[in-house]
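What the coordinates show
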Amino acid sequence: GLPHLTRQRMFVVAGNTNDASICELSEAMLAVMGLQPGEHIQVRGRKQRKVTCIAMCNDTLADDEVRMSISARKNTGLAVKDVAILSHISLQEARRALLLPFASTLAGYDGDIFDDALKPFLANNDRPLTVGELIETPCNLESGDRPSRNIVWKVVELDFEPSEGESGANQ
């Protein structure tokens with residue numbers, strides 16, 4: 001068959017995916033790029049700003065359209081009708097991630113921010129992270145099932161296992 005296109009220019013469309021880590025593409029575009037639903041893509045926007053997302057199928061989209069979460073659009077500096085550059089990316093699993101919350105989103109909060117907001121967002125979920133990316137996590141408080149606020153975090157650092165043959169020291 002024909003070789004798959006490694007990079008694709010696509011128009012950002014309105015709408016919001018339910019998950020901050022998801023980008024939606026048409027089935028035909030997934031095939032053109034050689035992607036299966038659930039594989040990772042890198043989205044490049046303005047000023048070389050990048051974010052990594054999970055590619056999912058949405059057949060209501062045209063072949064030249066991509067639907068991204070609001071947070072992914074913010075991280076790439078893209079607005080509706082802008083052109084995004086998408087490419088397939090293989091991710092290494094991070095053994096440690098350093099995310100720091102913005103103090104302005106913590107105002108008046110007195111619970112355990114890790115257990116209430118970050119842990120439920122990351123636990124048992126495929127969450128592709130990019131250093132410099134901002135993510136919003138709902139913070140569920142004891143008072144009810146609805147999140148009462150969102151906490152904004154910045155991905156500051158990602159640590160990976162050393163590759164085979166690479167030397168490193170345990171500190």
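Notes on the structure in this doc start here. Sequence positions are assigned chain by chain, starting from 1 and proceeding in written order. With pLDDT at 70 or above as the cut-off, local features in this predicted model cover only qualifying residues; side-chain atom pairs require 80 or more to be listed or tallied, and sums for whole chains, interfaces and linings still use all residues. In computing side-chain values, all of the structure's heavy atoms are included and hydrogens and water are not.

1. Re empty space enclosed by the protein
Our working rule: Buriedness of a pocket was judged along seven lines, with at least five required to meet protein on both sides within 12 Å; pockets are open sets of points on a 1 Å grid over the protein atoms alone, cavities are sets where a 1.4 Å probe fits but cannot get out, and lining residues have an atom within 4 Å of a point. Grid points are joined across faces, edges and corners, and a volume is the space filled by probe spheres set on the points. Segments assigned H or I by DSSP are reported as helices when at least four residues long, segments assigned E as strands when at least two residues long, and all are numbered from the N terminus. Amino acids outside the nonpolar list (Ala, Val, Leu, Ile, Met, Phe, Trp, Tyr, Cys, Pro) and the charged list (Asp, Glu, Lys, Arg) are all regarded as polar, and Gly is one of them.
Using the criterion set out here, one finds 1 cavity of 30 Å³ or more in the structure. Where the lining of the largest cavity is concerned, the elements lending two or more residues are strand S4 (50-57) and strand S8 (134-139). Ranked by residue count, the leading element in the lining of the largest cavity is S4, at 3 residues. Residue composition of the lining of the largest cavity, grouped by class: 8 nonpolar, 3 polar and 2 charged.

2. Here we look at unusual backbone geometry
Stated precisely, the cut-off is as follows: Partly exposed residues are those whose accessible area sits between 20% and 50% of the maximum for their type, while under 20% is buried and over 50% is exposed, using a 1.4 Å probe and protein chains only.
Even without being a glycine, Gln-48 presents a positive backbone phi close to 60°. On the secondary structure map, Gln-48 appears in the loop between strand S3 (40-44) and S4. Its relative accessible area of 53% is what places Gln-48 among the exposed residues. One non-glycine residue, Lys-81, adopts positive backbone phi at about 80°. Note that Lys-81 resides in the loop between helix H2 (70-76) and strand S6 (83-88). Judged by its relative accessible area of 69%, Lys-81 falls in the exposed class.

3. Concerning the pattern of salt bridges
Should the charged atoms of two oppositely charged side chains come close, the side chains can pair. The line we're drawing: What counts as a salt bridge is simple: a side-chain nitrogen of Lys or Arg found within 4 Å of a carboxyl oxygen of Asp or Glu.
Throughout the structure, instances matching the rule amount to 5 salt bridges. Among the ionic pairs, Asp-82 bridges to Arg-46, the shortest N-O distance being 2.8 Å. Residue Asp-82 is found in the loop between H2 and S6, and its partner Arg-46 is found in the loop between S3 and S4; the two are separated by 36 residues along the sequence. For Arg-46, a relative accessible area of 45% puts it in the partly exposed group. When the shortest N-O distance is used, the salt bridge between Asp-159 and Arg-96 registers 2.8 Å. In this pair, Asp-159 sits in strand S9 (residues 149-160) while Arg-96 sits in strand S7 (residues 94-101), placing the two residues 63 residues apart along the sequence.

4. What to know about the side chain of Gln-8
Looking at the element boundaries, Gln-8 is found in strand S1 (residues 7-13). The class for Gln-8 is buried, based on a relative accessible area of 16%.

5. Some details on the nonpolar core
Rules: We define a nonpolar core as any set of buried Ala, Val, Leu, Ile, Met, Phe, Trp, Tyr and Cys residues linked to one another through side-chain atoms lying within 4.5 Å. Between two residues, a contact is recorded if the distance between any of their heavy atoms is within 4.5 Å.
Residues Leu-25, Ile-41, Val-43, Val-66, Met-68 and Leu-86 are the most contacted members of the largest nonpolar core, which totals 19 residues. Elements that contribute at least two residues to this core include exactly S1, strand S2 (22-25), helix H1 (27-32), S3, S4, strand S5 (65-68) and S6. Broken down by element, the residue count for this core peaks at 3 residues, all from S4. When residues no more than four places from it in sequence are discounted, the contact partners of Val-66 are Met-10, Phe-11, Val-12, Val-13, Cys-23, Glu-24, Leu-25, Ala-84 and Leu-86.

Purely spatial values, then, with no claim about function.
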